[in-house]
Every structure is written in structure tokens, then in C-alpha cells.
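Now for the letters of each chain:
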Amino acid sequence: MTAHSRTVRRRDSSEAGFTMIEMLIAVAIMMTVTGAVFALMNPSQGIFQTQPEVSDMQQRLRVGVDSMAKDLVMAGAGTYAGSAAGALYNFFAPVMPYRVGDVDDDPAKNVFYRADAITILYVPPTPSQTTIRDAMPKTAEQLKVNEQSNCPRTKTGEIDQHDALCGMKEGMRALIFDNQGNWDAITITSVQDEALHLGYDGELSVSYAAGSNITQVATHTYYLKTDVATKTFQLMHYDGYHTDLPVVDNVVSLQFQYFGDPLPPTLLPNKPLSGSGPWTTYGPKPPDLATTFAPWPKGENCAFMVDPVSGAQVSRLPVLGGGVGSVPLTEAMLKDGPWCPNASAPDRFDADLLRIRRVRVKLRVQVAQVALRGPAGVLFTYGGTSTGGARLVPDQEIRFDITPRNMNLGR
Amino acid sequence: MALARSRFSNFSLSDSEAGFSLAEVMVATGLLATALVAVAQLFAISTSANTSSRNTTFATVLAEQKLEQLRALTWGFDPLGLPVSDITTNTAVTPETPVGGTGLAPSPAKALQENTPGYVDYVDAWGNILGGGQNSPDGGMYVRRWSIEPLPTNPNNTLILQVLVARIRDRGTADLGNVARLPDEARLITVKTRKSQ
């Protein structure tokens, strides 16, 4: 019997169970592996949630920088064909630290500086650069333009001629400006055989004389929209007419700083005011000494005055910072006048805006999810509910500078 | 007895129900652990890839900023046609000062390989310019070196501007010999020419 049972046991050694030692080792290994899996799972979950948000935030930062940089670098590019060829800062200020347009216009509310808004104008590459044929009253609804040699050609039947509309099309933004510092940006709402219909709210800022310039233009306003109640923090773009669109979400800070030419504008030698431009280093040209641009005295405008001693036309603006380097232009300097074209014009701008040579932008973005933001402070503009650890993604902030090429032509 | 035997033999015959040996379990566990470590590394890689992309973005934007600062300095002709050059503006501080710096004055030969006062500044993680000098002030995260060389064929009127932005760290052999750009760093080159109005 004993012998038999031993035989059975021997035969089925695979069912003998584990010894205590084996059990302990097995359990220890299992515990280690399970422990490791859990130790890995916890942060992995955080990383899994966090990293896509981090890269999303970085992408938004890049988009913000790129979209503003590409417009800022073009700022001030002027017409390059026809009689008024030259950068826009020889006529008016193409960079303005506030919102300009038909809807919610800042100058209409007497606001002439906002740290978180900028308006940029430039003439894009376009053949549509010409002059207006007839004088335009303030309430003009349509206009005719001169056919110039740079205008595109059209072929109607056998007749091949310059386009009577100089290539202007429905929906195009256009700029009308003269030599006195007046300007208006309008939208072309429809076109007829020979006339352009204009779209703008209210009325033009002045009556334009025949021969004033008209060109296709790009108008861009960037500003920060902050609405804590609905948690909307957006970098916005406004086209100057009727459309506001968000560019980037979760932008919590946007600031513009301006650096300028320390030297005041001067008249270029050997450039008679009656000839072709540019006539000045920058800024609108003054009239000749016998002519008046009301309400300025004879021979003067917002940028130039007649020196009482020498009788020559000299700058109205001071030399800044010893005349060297790039000088920070403060809020006070940019909204204290002298005003161009004059202090009562609806589209007036501070003559110091003509000095702008470089714009510094501060842009700050936050992570989109509230659960990834910690308490408000240095790292977080708007606090969140993060429990810390891997689920803590601080705001990212960057500063960049742009030197608009067409506002630094002599530099 | 016969019954019992047949039962036992049935069990022992069925090999598939025999369970695993310790060695098998160990091998399986080892494989699992290796796989887990590999997967865990993916998380680490994704984190470091994001960090690296952030550093590359910042380095590029900061390099661009320095180039734009240099571009804005006067390098033209006055209304009478005489050349005007800004060689004193200090762009390493905020706001820039009209004196105390090097402006667009030509840089020493090794300005991109070593911190050369006048041709270097330091920036913190938020993009604030902290100042120049041989060593970074507290809080510096990026070092920006720039060089200004006259173009050999037109030395009086044309400059080659270069900027190299790197995390503040020992760049090792990258600072020896030719100018090198390591991963996460940015190096931009442009040309500036005097223009008359």
C-alpha cells in the first residue's frame, strides 16, 4: 500500500503543487511586475493627456507669431506704379496702435492708443494702382478711375485697351489718399462698365480732388479679445470693413511696443515739391510756401512748419534720444499730436506714428484645458483645477520684433 | 485501483493543463517588462520631442528678433548723400540705449563661437532680454550671439548679419572650429545694404 501510493505520487509529480519558496518567488515577481505596471500607468495617463495639449499650445503660439509677422513685415509698402509711387509713410501712418475701420472704429471714440491692438496697411502686389478721374464729394457712392499704363488690359471684341476699372473687382479693399495726409480705406461693393461702387459706413473723411490716388490695399487689425465670463481669450483679426474673425484661441496676453526714428522728417534736397515724390525722408510733404493746407498756416502741415528765422520749411517734430538708435515711442508720445492731417479730421493720426520703425510684440498663450492649469500667478494668467504633477502646463510667452521693410527705406 | 490509475493517467496525459514552469513565467515576465519599458520610453520621447520643438521655436523667434533689431539700426545715407552708420546702440538691453553698445560695428572673428561682450545677450524663458556680458545673469535660458561682417566685395555698404541662438549650456566642441548649429538651436543669416532714399 505504501509502496503503491508512493508510486502514484511519483508518477504525478506535475500535480505536486508548489513549495512555499516557489510560491514566495512567484508572488514576489507578480507583485513587482504589477507594481511596475501601475507605477507606469499613473504618469502615462498624465502624459497622454498633457503632451497633445502642449504641442497644441505651441502650435497656436507659432501661428500667432507667423500670422502677425507676415503682415507686420509688409506694413507701409506703398504704390509702385503711377504718379504716387513711394512708401505709405510718405503720405500717412501705415501702422496705428488702435482699431481702424467701419465697425467699432477707435478714433471715432477718441481712442488713439491701445497696447493690445494694431492696424497695419500695405499695398499688396497688384496692378490696380491709379488715380481718380473726377472730384469726389464726401458722400460719393461711385467713382471713376484713370486708365494708366500699369492697369491691366482687357480685350472687348477687337478693341484691346487698358481696363477702365484698372483691374478693380468686387470685394476688393481699396485705399484713396492724397498728398495732404487724408486717407480712406473702402470696399468695392460692385462694379459697372466704367464705375466702381464703394462700400463704407458713414462718409469719407474729406472730399477728394480729381487726381487723388486709389489703389488696392490690405488692411489688417489684430487685437486681443478677453471675455472672462465666457472664457474667451482670442487673438482676433479685423479686415477694416465688416468682418472680425478669431485667429488663435487661448491667447491671454498681447502687447505691442513701438520703436522709432530719433530723427524728425526732413525735406529731401533737389526734390521740388511740385515734382514727383518722395519729397521727404518720411511724412506727408508740406505745401509750397504760398499755399495753405487749412487749418495750418501757409507752407505748413502736421509734420513741417516754416522756421520764423530762416523762413525754410523745417520739421515740427523734435529730435529724440540724441538722434541715434531706435527710440521707444511711449503711449504719451503717440497720442499727443501734432495731428495729421489736422486736429479735427475724422481719420486723424498722431504725426509721431510716422516715426515707427520697429514693432515689438509680446504674445502669451495658455493651455486649452482647465484641468491642466494651476493656480493663477506667474505661471498661469487664468487659474485652473490642475492637481499638479505631469498635469501642469504653464502658459508660454514669447516676444518678437519686426522691422517693416518699407518703413526703413533710408536706414 | 484501476479506476484511480486511469484517472491519474488521464490527468498526466493532458500536457496542456500542466501549467507553466517557473522558468517559463520568468521568461514571460521578462518579455512583458521589456515591452513595458519600451512603451514607457515612448512617453518620455513624446515629452522630450515637445520640449525640443518648444526650444527650436523659441530659438528661431529669438534669432529673428535679434536680426530685426539689427535691421532697424541706421545704415543708410543722410539727405546729402553721406553714409550714416549706427555703431553705438546697445541692443542687449531693454529698452535699447543709443550708446554703450556696438550697433552695426563689425564683430571680432569668433563672435559666434564664444560669448563676446557687445555681440551677445541672454534671454529668459519668457522672452525677456536680460542683458549682455561674458556670462548669463540669473534666470537666463537662451544665449544669443551675433556677428556683423562687412561683405568682402563691398565692405563699406553691405553687411552680413548672423545670429546663433542656443540653450545656455556647454556646447562642447561645437564652439571650436567652424560655426556649428546643434539640434534645438537656430542660426540665421541675412544681408543689410545701405540704400539711398
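A. Fine view of the overall build of chain A. Scanning chain A for helices and strands turns up three helices and 21 strands. Its C-alpha radius of gyration of 33 Å places chain A more than 25% over the 22 Å reference for a compact globule of 411 residues. With respect to the three principal axes, the spread of C-alpha positions in chain A is 140 × 65 × 40 Å. In chain A, which comprises 411 residues, the share counted as buried stands at 52%. Considering only contacts in chain A between residues 6 or more positions apart, those separated by 24 or more positions represent 61%. For chain A, the accessible area works out to roughly 18,000 Å², and carbon and sulfur atoms hold 58% of it. One way to put it: in chain A the 36 positive side-chain charges average out to a point 10 Å from where the 41 negative ones average out.

B. Examining the nonpolar core more closely. Residues and elements named next belong to chain A. Core analysis: the largest hydrophobic core is formed by 97 residues, its most contacted members being M68, F92, I118, W183, Y258 and F349. For F92, the residues in contact, after removing those within four places along its chain, are L121, L175, F177, G181, W183, F349 and L354. If you look at the next biggest cluster of nonpolar residues, it comprises 21 residues, including M168, I186, Y200 and L204.

C. Summary view of the interface of chain A and chain B. With 48 residues of chain A in contact, the opposing surface of chain B contributes 46 residues. For the chain A and chain B pair, buried surface summed over both sides reaches about 4,400 Å², with 59% attributable to carbon and sulfur atoms. A salt bridge links R358(A) to E96(B); the nearest nitrogen and oxygen atoms lie 2.4 Å apart. Summed over the shared surface of chain A and chain B, the number is twelve residue pairs in polar contact (both at pLDDT 80 or more).

D. Structural context of the sheet that holds strand 6 (residues 158-167) of chain B. All names here are of chain B. Taken in spatial order, the five strands line up as 4-3-5-6-7 in an open sheet, and their pairing is antiparallel. Only two strands of the sheet have a single partner each, and these edge strands are strand 4 (129-131) and strand 7 (186-193). Direction aside, neighbouring strands of the sheet carry axes that sit 25 degrees apart on average. Helix 2 (residues 22-71) contacts strand 3 (120-123), strand 4, strand 5 (142-150), strand 6 and strand 7 of the sheet and is inclined by roughly 15 degrees relative to strand 7.

E. Structural context of the pairing of strand 14 (residues 251-260) of chain A. All names here are of chain A. Of all the ten residues making up strand 14, eight are buried; the element is thus mostly covered by neighbouring parts of the structure. Bridge count for strand 14 against strand 20 (residues 356-365) is nine bridges, and the pairing is antiparallel. Within the sheet, the bridge partner assigned to F256 lies in strand 20 and is V361.

F. The arrangement of the state of the cysteines in detail. All names here are of chain A. By the definition in use, this model includes two disulfides over all chains. Sulfur-sulfur distance for the disulfide between C151 and C166 comes to 2.0 Å. Because the torsion about its S-S bond is -90 degrees, the bridge between C151 and C166 counts as left-handed. Taken together, the residues C151 in the loop between strand 4 (142-143) and strand 5 (153-156) and C166 in the loop between strand 6 (159-162) and strand 7 (173-177) connect sequence positions 15 residues apart. Of the two residues examined, C151 and C166, each falls in the buried class.

Criteria and cut-off values
- Residues numbered from 1 in each chain as written.
- Chains lettered and ligands numbered in written order.
- Predicted model: local features only at pLDDT ≥ 70, side-chain atom pairs only at ≥ 80, totals over all residues.
- Heavy atoms only, no water.
- Helix = DSSP H or I, 4+ residues; strand = E, 2+ residues; numbered from the N terminus.
- Rg over C-alpha atoms; globule rule 2.2 N^0.38 Å.
- Buried < 20%, exposed > 50% of the residue type's maximum accessible area, 1.4 Å probe, protein only.
- Contact = heavy atoms within 4.5 Å.
- Areas by Shrake-Rupley, 256 points an atom, 1.4 Å probe, with all protein chains shown as cover.
- Lys, Arg positive; Asp, Glu negative; His and termini not counted.
- Charge placed at Lys NZ, Arg CZ, Asp CG, Glu CD.
- Core = buried A, V, L, I, M, F, W, Y, C linked by side-chain atoms within 4.5 Å.
- Buried area = accessible area lost by both parts, 1.4 Å probe.
- Salt bridge = Lys/Arg side-chain N within 4 Å of Asp/Glu carboxyl O.
- Polar contact = N/O pair within 3.5 Å; in protein donor to acceptor, adjacent residues only side chain to side chain.
- Pairing = 2+ DSSP bridges.
- Axes fitted to C-alpha atoms, helices over the stretch in contact; angles between N-to-C directions.
- Disulfide = S-S within 2.5 Å.

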